[in-house]
Amino acid sequence: MVIRNNSVAYDMWRRPTVQPLMKVYLFNYTNWEDVKERRAKRLHVEEVGPYVYSQQLERVNIKFDKDKLSYNERNDFRFLPDKSKGAHFDQVNVPNLPLLGVISKAKDMQINGFAQMTLNTALNFGNHPDAFVKLPVHRFLWGYDDTIIDTAKPILSLQGKLNFKKFGLLVTKNGTVSERLTINTGEKK
């Protein structure tokens with residue numbers, strides 16, 4: 001099938017009518033505070049969901065160049081309450097992924113005394129961060145403010161590794177993907 005501007009094939013390719021479903025299951029750590037305070041020895045984990053989203057894909061920033069076509073993809077995920085087992089605003093206790101990421105990265109790096117002191121200061125600034133956070137499902141998935149991420153933003157921005165404003169498990173899936181794709185239009189065989 002040849003993709004030409006203003007053709008039926010182009011319209012179907014640019015914005016497909018098929019909307020795949022994404023089902024998300026999460027683990028809710030219901031007693032993490034009891035484990036932290038040594039009132040319990042083991043974490044109690046409860047599976048919640050599925051939280052169901054429909055995906056609308058659209059190709060944007062389209063440029064034709066002879067028999068080539070370059071574009072970006074934009075995804076829009078919409079919550080489907082009638083297909084979900086649970087509400088978008090359900091509260092879940094989940095691992096503090098930014099904190100665990102920093103600890104893991106620091107453990108893997110051989111950092112000098114100054115870097116270690118800076119890391120300790122950042123982690124101890126204000127309240128000690130907990131290993132778990134309580135969040136609504138939609139914020140955990142699609143983005144929430146986090147002090148560790150906010151602290152790291154200047155460094156990550158300089159390294160070109162920051163492609164989101166808020167931290168979320170699926171935050172980079174929603175919106176326009178920065179990666180540019182190029183395909184053949186099918187004009188030449």
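Residues numbered from 1 in each chain as written. Predicted model: local features only at pLDDT ≥ 70, side-chain atom pairs only at ≥ 80, totals over all residues. Heavy atoms only, no water.

*Asks:* Looking at this structure, how should I read the overall build of the protein?
*Replies:* Regarding its fold elements, the protein presents six helices and seven strands. Each helix and strand of the protein, ordered N terminal to C terminal, gives the series α-β-α-β-β-β-α-α-β-α-α-β-β. Within the protein, the fraction of its 189 residues that count as buried is 34%. Restricting the contact set of the protein to residue pairs at least 6 apart, pairs at least 24 apart contribute 72%. With an accessible surface of roughly 13000 Å², the protein has 53% of that area assigned to carbon and sulfur atoms. (Helix = DSSP H or I, 4+ residues; strand = E, 2+ residues; numbered from the N terminus. Buried < 20%, exposed > 50% of the residue type's maximum accessible area, 1.4 Å probe, protein only. Contact = heavy atoms within 4.5 Å. Areas by Shrake-Rupley, 256 points an atom, 1.4 Å probe, with all protein chains shown as cover.)

*Asks:* When you look at the side chain of N31 in this model, what are you seeing that I'm missing?
*Replies:* Inspection of the secondary structure puts N31 in the loop between β1 (21-29) and α2 (32-36). At a separation of 2.5 Å, a polar atom in the side chain of N31 contacts the main-chain amide nitrogen of H44. For N31, the residues in contact, after removing those within four places along its chain, are A40, R42, L43 and H44. (Polar contact = N/O pair within 3.5 Å; in protein donor to acceptor, adjacent residues only side chain to side chain.)

*Asks:* What is the right way to look at a nonpolar patch on the surface in this model?
*Replies:* A cluster of nonpolar side chains, namely M1, V8 and M12, defines an oily patch on the protein surface of about 400 Å² accessible area. Position of V8 among the secondary structure elements: in helix α1 (residues 8-14). Here V8 falls in the exposed class, since its relative accessible area comes to 62%. (Patch = residues over 30% accessible without salt bridge, like charges linked within 9 Å, V, L, I, M, F, W, Y side chains within 5 Å. Salt bridge = Lys/Arg side-chain N within 4 Å of Asp/Glu carboxyl O.)

*Asks:* Explain the pairing of strand β3 (residues 68-79) to me, please; I cannot follow it from the model alone.
*Replies:* As a general feature of sheets, a regular strand has side chains that alternate between the two faces. Pairing geometry for strand β2 (residues 45-65) and β3, over eleven bridges, is antiparallel. Bridge assignment links V60 to a residue of β3, and that residue is N72. Examined bridge by bridge, β3 and strand β7 (residues 181-184) share four bridges and lie antiparallel to one another. Across the sheet, S70 pairs through a bridge with T182, a residue of β7. (Pairing = 2+ DSSP bridges.)

Purely spatial values, then, with no claim about function.
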